[in-house]
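Remarks on the overall topology
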Amino acid sequence: MSFDRRQFIGATAALSATLAAPMVRAQARPRVVVVGGGAGGATAARYIAKDSDGAIDVTLIEPSRAYYTCFFSNLYLGGFREIDSLAHSYGTLAADYGINVVHDWAVGVDRDAKTVALAGGASLPYDRLILSPGIDFVDGSVAGWDLSAQNAMPHAYKGGSQTELLKAQVMAMPEGGTFAMVAPPNPYRCPPGPYERVSMVAHLLKEVNPTAKILIADPKEAFSKQGLFEEGWATHYPGMIERVGPEMGGADISVDPQAMTLTIDGEATPVDVCNVIPAMKAGRIAEIAGVTDGNWAPVNAADLSSKIDPSIHVLGDSAAQGDMPKSGFSANSQAKVCANAVRGALTGSTVFPARFSNTCWSLIDTDDGVKVGATYEATEEKIARVDGFISQTGESAELRAATYQESIGWYDGITADMFG
Amino acid sequence: MRLPVLSAVLACCGASLAMSQSLDLTLTDPDQIAAECGGTAAAGEVLFTSCSACHALQPEDARPTQAGPHLGALFGREVAAVDGYAYSPGLRQLQAEGAIWEREALHAYLQGDLLPDTHPVVAGEQDRRDILTFVRVATLPPPPARGELVVPPEVLAIEGDPAYGEYLASECAGCHRSGSGNVPAIDLLDGEYFITAMHEYRARARTNETMRLIAARLTDEEIAALAAYYLSIE
């Protein structure tokens, strides 16, 4: 690597001085503020800091001190990962890359003054603002459920405590009980995620509670990797999983978190665990910044800049960018294109043409991994799909095991790419 | 393969083919094939239903009742190469001359301009292009075996731009990291091995679908740039 650690310790000291009096600046180093320390934000911050050799001030705003990845959280549910293995610190980004990591909530954006307001009261100026806040939920999208019910009926669609809660509830299910999932409508984070989760819960139940049932209420006609999941469910978990699609009322549902019932098409079913995954929208700060149109933030494909404000870039799940799925891999891929473009705009470095890729791995049962992937390019209109592949039904056990091993390697690779 | 023969054939038929010499028979990427053939595979697939009574796409699908040969690896194949069919005198003549099929000759044949025989004519220019796009994609020869592919010395000698390579390598870094792991480390590979491996993925001589996809859109220069970058960080 070409960057020099000592240079960055210097950069950190300079930045700390800046933060002490954020609005009084004598120095002219351009400032990038990144909101959200996940696959999009952490990657963007790291690449801008790494590749600009200290020429750009980078501040990363992220409320969590330990980041629990949402990707691979299903493997924790299935018993294939420890929760601690999903936790990552921002220490290396601060210590080795000179990024000013601020553990706070961004609560306001003044686009005219180009400042970000923090819940703690500080105001951070920026030349470029990168928003990568992930998802929030659409109020009222599941009748009977709101955030106050997330303990009784967890969403577990943001990594961390919700994931642990859901697993504890599965473990506490009565013998022969029912695990219910309310699956989300499109578009949402991690298209195969709900169905990998069903697979992992089934794997766990098969071990600890083999007569238990899984009921999915799904508003979608079809879902990601459907043929692969359905083949796997029939092989590994025969008779355990029932999916109610929209033709059978899967879109017409409500829940009662007090009574613990799921009502599908007017018929109430008592359930023991209810995983409610509501409809999704861009993380709230994108809306506060005024860069959303409807639920998502439209961006230009070449540099992920907002179509509403060219000084703001939006990455990952929050962005309406075109054909890429909302995944950690996509956010990481977009972040590197964005970082290259932002660095070019602020320091005159070479901007190379945008190129994107994505692969989503899913685990169906022990050593039964599948994947789907595609490459993308930037067009005037959107990020457009170029080419792709998907695992095939009937693949050999060796290939499926290799695919799972590859996903573990990807997890190690992407988290190193995010956190250093 | 380059054809010495069809130019002569075309001349003798009086077909006014301003030969663009776009006879690259090594294309394997469907999008590049579509661009080269000027058609759409999906449209060609629909049109091909009129051809499939007589022609199978691959040898294993050929039926004895079909009047014409299978079209497996048609682009680059010798004329009248599949035994057991009643080829026209014109096709037999081409066969005797050792001609091989490529796009412009096939286009002229479908148009009825290449030979005076009884093969059905496809009237529309775009229809011909669509059919040829589809057939070419659907009849690609199987990929070479790993180790079979030889990267030409002039390609190995391309001097890559390490700065561009560093940018391109950011795509790799989403999965590959230094040190051992479930996805192999690539930063310390021998340059020639790395370049050959990437060409093998692009030619589908290696099996990993993710890597085939990544390599599919890398040019020779981009592979060289990646190699130059990885060498620069040693």
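All values derive from a computational prediction rather than experimental measurement.

**Topic: the pairing of strand β24 (residues 383-390) of chain A**
Sheet analysis places strand β23 (residues 368-378) of chain A next to β24(A), joined by seven bridges and oriented antiparallel. Counted as the bridge partner of G373(A) is F389(A) from β24(A).

**Here we look at the confidence of the model for chain A**
For chain A, the average pLDDT comes to 94, and 94% of its residues sit at 70 or higher. When the criterion is pLDDT under 50, residues 1-26 of chain A qualifies, and its contacts beyond four places in sequence or with other chains add up to 42 contacts.

**Comments concerning the interface of chain A and chain B**
Contact with chain A, which involves 38 residues of that partner, is made by 25 residues of chain B. Interface area, chain A with chain B, both sides summed: about 2400 Å², of which 54% is carbon and sulfur. Summed over the three residues of chain A that lose the most area to chain B, namely F352(A), R355(A) and F389(A), the buried surface amounts to 28% of that side. In this structure, R355(A) and E222(B) form a salt bridge, with 3.3 Å as the shortest nitrogen-oxygen distance. Every element with two or more residues in the side of chain A that touches chain B is listed here: α2 (41-51), α9 (328-347), β22 (355-365), β23, β24 and α10 (397-419) of chain A.

**A look at the packing of aromatic side chains**
Residue and element names in this part refer to chain A. Here the structure, examined in full by the defined rule, presents 23 aromatic pairs over all chains. With 6.2 Å between their ring centres and 25° between their planes, F223 and W233 make a pair best called stacked. Of this pair, F223 sits in the loop between β12 (213-217) and α7 (226-236) while W233 sits in helix α7, and the two are ten residues apart along the sequence. Here F223 matches W233 in class, with each residue buried. Linked through ring pairs, F71, F72, F329, W361, W410 and Y411 together constitute an aromatic cluster. The ring of F137 carries K158 above its face, with NZ or CZ at 5.6 Å from the centroid. Just above the ring of W296 sits the side chain of K326; from NZ or CZ to the centre is 3.8 Å.

**Examining the packing of α9(A) against helix α8 (residues 162-172) of chain B**
Across the interface, α9(A) lies against α8(B) with an axial gap of 9 Å and an inter-helix angle of 155°. On the basis of their axis angle, the class for α9(A) and α8(B) is roughly antiparallel. Handedness of the α9(A)/α8(B) crossing: right-handed. Residues K336(A), V337(A) and N340(A) of α9(A) lie in contact with α8(B), whose contacting residues are Y167(B), S170(B) and E171(B). By residue class, the composition of the contact of α9(A) with α8(B) is two nonpolar, two polar and two charged.

**Observations regarding the sheet that holds strand β15 (residues 261-264) of chain A**
Residues and elements named next belong to chain A. The three strands are arranged β14-β15-β16 in an open sheet whose pairing can be described as antiparallel. For this open sheet the edge positions go to β14 (253-256) and β16 (267-270), each flanked by a neighbour on one side alone. Averaged over neighbouring strand pairs, the angle between their axes works out to 20° when direction is ignored. Pairing of β15 with β16, which is carried by four bridges, proceeds in the antiparallel orientation.

**Examining helix α11 (residues 220-232) of chain B**
Taking 1.5 Å of rise per residue, the 13 residues of α11(B) would be expected to cover 18 Å, and the 18 Å separating its terminal C-alpha atoms lies within 8% of that figure. For α11(B), the set of buried residues is E222(B), I223(B), A224(B), A225(B), L226(B), A227(B), A228(B), Y229(B) and Y230(B). Taken together, the buried residues of α11(B) touch β22 of chain A together with α8 and α9 (191-202) of chain B.

**Thoughts on the environment of L93(A)**
Residues and elements named next belong to chain A. Examined against the element boundaries, L93 turns out to sit in helix α4 (residues 91-95). Owing to a relative accessible area of 0%, L93 belongs among the buried residues under this scheme. Sequence-wise, L93 and F419 are 326 residues apart; in three dimensions their C-alpha atoms are separated by 6.0 Å. Once residues lying within four places of it in the same chain are set aside, the contact partners of L93 are A42, R46, L60, G98, I99, V101, M418, F419 and G420.

**Quick word on the pattern of salt bridges**
Across all of its chains, the model carries 30 salt bridges over all chains by this definition. One salt bridge in this structure joins E287(A) and R284(A), with 3.5 Å as the shortest N-O distance. Separated by three residues within a single helix, E287(A) and R284(A) lie in helix α8 (residues 284-288), roughly one turn from each other. Judged by relative accessible area, E287(A) falls into the partly exposed class, the value being 36%. For E209(B), the salt bridge goes to R204(B), with nearest N and O atoms at 3.8 Å. A relative accessible area of 29% means that E209(B) is categorised as partly exposed. Take R204(B): its relative accessible area is 37%, and that puts it in the partly exposed class. Among the charged side chains, a salt-bridge network with shared partners connects E231(A), D368(A), E395(A) and R400(A).

**Notes on the UniProt feature "domain: Flavocytochrome c sulphide dehydrogenase flavin-binding" (unreviewed entry) in chain A**
Listed under "domain: Flavocytochrome c sulphide dehydrogenase flavin-binding" (unreviewed entry) in the UniProt record, and renumbered for this structure, are residues 354-419 of chain A. Note that residues 354-419 of chain A is 35% helix and 45% strand, and that its end C-alpha atoms are spaced 23 Å apart.

**Concerning the pairing of strand β13 (residues 241-244) of chain A**
Residues and elements named next belong to chain A. Here β12 pairs with β13 via four bridges, running parallel. For I214, the partnering residue across the bridge sits in β13 and is I241. You can see the chain leave β12, run along α7 and come back into β13, and the turn it takes is right-handed.

**Here's the deal with the packing of α8(B) against α11(B)**
A packed helix pair is summarised by two numbers, namely the angle formed by the two axes and the spacing between the axes. All names here are of chain B. Following both chains from N to C, one finds α8 and α11 inclined at 90°, their axes separated by 7 Å at the closest point. It follows that α8 is roughly perpendicular to α11 by the angle criterion. Packed against α8, whose contacting residues are P162, Y164, G165, E166, L168, A169 and C172, the element α11 presents E222, A225, L226, A228, Y229 and Y230 at the interface. Residue composition of the contact of α8 with α11, by class: ten nonpolar, one polar and two charged.

**Quick word on the sheet that holds strand β20 (residues 312-314) of chain A**
All names here are of chain A. Reading across the sheet, the five strands line up as β5-β2-β1-β9-β20 and stay open at both edges, with parallel pairing between neighbours. Strands at the two margins of the open sheet, each flanked by one partner only, are β5 (100-102) and β20. Strand after strand, the sheet turns through a mean of 20° between neighbouring axes, direction not considered. Across the face of the sheet, α2 comes into contact with β1 (31-35), β2 (57-61) and β9 (128-131) while running at roughly 165° to β2.

**Focus on the domain arrangement of chain A**
All names here are of chain A. When its domains are assigned, chain A resolves into domain 1 (5-136 + 281-353) and domain 2 (139-278). The gap between the C-alpha centroids of domain 1 and domain 2 is 32 Å. Listed by partner, the interface residues are 19 residues for domain 1 and 19 residues for domain 2. Summed over both partners, the interface of domain 1 with domain 2 comes to about 1800 Å²; 63% of that surface belongs to carbon and sulfur atoms. Seen at the junction of domain 1 and domain 2, the total is two salt bridges. Between R189 and D317 there is a salt bridge whose closest N-O contact spans 2.5 Å. Counting the contacts that link domain 1 with domain 2 gives eight residue pairs in polar contact (both at pLDDT 80 or more). Where the side of domain 1 that touches domain 2 is concerned, the elements lending two or more residues are α3 (73-78) and β10 (135-137). The leading source of residues in the side of domain 1 that touches domain 2 is α3, at six residues. Among the residues forming the side of domain 1 that touches domain 2, the class breakdown is ten nonpolar, six polar and three charged.

The rules we used
Residues numbered from 1 in each chain as written. Chains lettered and ligands numbered in written order. Predicted model: local features only at pLDDT ≥ 70, side-chain atom pairs only at ≥ 80, totals over all residues. Heavy atoms only, no water. Pairing = 2+ DSSP bridges. Helix = DSSP H or I, 4+ residues; strand = E, 2+ residues; numbered from the N terminus. pLDDT = per-residue confidence, 0-100. Contact = heavy atoms within 4.5 Å. Buried area = accessible area lost by both parts, 1.4 Å probe. Salt bridge = Lys/Arg side-chain N within 4 Å of Asp/Glu carboxyl O. Phe/Tyr/Trp six-rings, centres within 6.5 Å; stacked < 30°, edge-to-face > 60°. Buried < 20%, exposed > 50% of the residue type's maximum accessible area, 1.4 Å probe, protein only. Lys NZ or Arg CZ within 6 Å of the ring centre and 35° of its normal. Axes fitted to C-alpha atoms, helices over the stretch in contact; angles between N-to-C directions. Parallel < 35°, antiparallel > 145°, perpendicular 65-115°, else oblique. Left-handed = near helix turned anticlockwise from the far one by under 90°. Nonpolar A, V, L, I, M, F, W, Y, C, P; charged D, E, K, R; others polar. Expected span 1.5 Å × (residues − 1). UniProt positions renumbered as here; feature names shortened; annotations may be inferred. Right-handed = clockwise from strand over helix to strand, strands pointing away. Domains from an automatic or database assignment. Polar contact = N/O pair within 3.5 Å; in protein donor to acceptor, adjacent residues only side chain to side chain.

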